[in-house]
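# Report on the structure
Spelled out from the first residue to the last, the chains are:
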Amino acid sequence: MTFHANSPFTNNIASQINIKFNEYKNVTLCMPCQSGKTSVICNLAIKHARKGKSVYIINGVNTVSLKIQMKNDILDAAKEYIETDECLKNTITASDISNRINIIWQQDMKNLNNIKSNSLIIHDESHVAQNKSNVVFKDFYSKHNLNGIFNGDYSELNKRNINILDVSATPYSQIISKYNKDIDTIVFSSGDKGYFGIN
């Protein structure tokens, strides 16, 4: 896979999200299918891990091949990130960076015992958790005392300096719930040149 985790387009989207994080603890990225969401995820995960944050990428899809793909994507992106930064060459390896990033699939969520303070949670394919009866995700956020976010209470995120990024091509419930007061927490993008997704 050819990666664009450190391209100008990807850096621009990641910068928009980081600016939003200065004001909001929970931000949503909405991009079409095949438009570069994974590159943005890798970019943010690597940069936050380099700053010493704990990074958790949560995906609601249970497919083993996708979990392996995400691990490989993070490693490839870390290699690209190091190769394009003269200050990092020969000072850190791609494995050093990728090992700081936790990739958690739905079946693994119950086994995670601690979300550390000073963390970034990236909820990939977040539309999977939009069903109110989705007990796995509700239990996960309750277990880590973060369930206030479902009612717009971000006090625990503020106290523990945790940011959450929801990523989806179809985050309909998030758009609807945020439309009146929190629409500024959503970053919309149609994708970079060269991506041929579904618009």
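Please refer to the structure higher up on the page.
One structure accompanies this document, and this report is about it. (Residues numbered from 1 in each chain as written. Predicted model: local features only at pLDDT ≥ 70, side-chain atom pairs only at ≥ 80, totals over all residues. Heavy atoms only, no water.)

### Details of the overall build of the protein
- Of regular secondary structure, the protein possesses seven helices and six strands.
- When the elements of the protein are put in sequence order from the N terminus, they spell out α-β-α-β-α-α-β-β-α-α-β-α-β.
- Put simply, of all contacts in the protein between residues at least 6 apart along the chain, 79% involve residues at least 24 apart.
- Accessible surface, the protein: about 10,200 Å² in total, of which carbon and sulfur atoms supply 49%. (Helix = DSSP H or I, 4+ residues; strand = E, 2+ residues; numbered from the N terminus. Contact = heavy atoms within 4.5 Å. Areas by Shrake-Rupley, 256 points an atom, 1.4 Å probe, with all protein chains shown as cover.)

### Side note on the side chain of D124
- Relative to the helices and strands, D124 resides in strand β4 (residues 119–124).
- For the buried D124, no salt bridge is present, and the opposite-charge side chain at shortest range is K37, 6.7 Å distant.
- Polar contacts involving the side chain of D124 include one to the side chain of N59, which spans 3.2 Å. (Buried < 20%, exposed > 50% of the residue type's maximum accessible area, 1.4 Å probe, protein only. Lys, Arg positive; Asp, Glu negative; His and termini not counted. Salt bridge = Lys/Arg side-chain N within 4 Å of Asp/Glu carboxyl O. Polar contact = N/O pair within 3.5 Å; in protein donor to acceptor, adjacent residues only side chain to side chain.)

### As for the packing of helix α1 (residues 8–21) against helix α2 (residues 37–50)
- Following both chains from N to C, one finds α1 and α2 inclined at 60 degrees, their axes separated by 9 Å at the closest point. Here α1 is positioned oblique relative to α2, judged by the angle of their axes. Crossing of α1 over α2 shows right-handed handedness. Contact residues: α1 offers T10, N11, I13, A14, I17, N18 and F21, while α2 offers S39, V40, N43, L44, K47 and H48. (Axes fitted to C-alpha atoms, helices over the stretch in contact; angles between N-to-C directions. Parallel < 35°, antiparallel > 145°, perpendicular 65-115°, else oblique. Left-handed = near helix turned anticlockwise from the far one by under 90°.)

### Here we look at the sheet that holds strand β3 (residues 101–105)
- Pairing is parallel in the open sheet, where six strands are placed in the order β3-β2-β4-β5-β1-β6. Strands at the two margins of the open sheet, each flanked by one partner only, are β3 and β6 (186–188). Here the average twist between neighbouring strands, direction ignored, is 20 degrees.
- Bridge analysis of strand β2 (residues 54–59) against β3 gives five bridges, and the strand direction is parallel. When the sheet's bridge partners are listed, I58 is paired in β3 with I104. (Pairing = 2+ DSSP bridges.)

### A word on α1
- Here α1 is 14 residues long and its end C-alpha atoms lie 20 Å apart, about the 20 Å a rise of 1.5 Å per residue gives.
- Within the span of α1, buried status applies to F9, T10, N11, I13, A14, I17 and F21. (Expected span 1.5 Å × (residues − 1).)

### Some remarks on the environment of I68
- In this fold, I68 is placed in helix α3 (residues 64–83).
- Using a relative accessible area of 48% as the deciding quantity, one classes I68 as partly exposed.
- For the pair I68 and I103, spaced 35 residues apart in the sequence, the C-alpha separation amounts to 9.6 Å.

### Topic: the pairing of β2
- The element β2 is extensively covered by neighbouring structure, given that six of its six residues are classed as buried.
- The side-chain alternation of β2 yields two buried faces, one formed by S54, Y56 and I58 and the other by V55, I57 and N59.

This is a description of form; function is not addressed.
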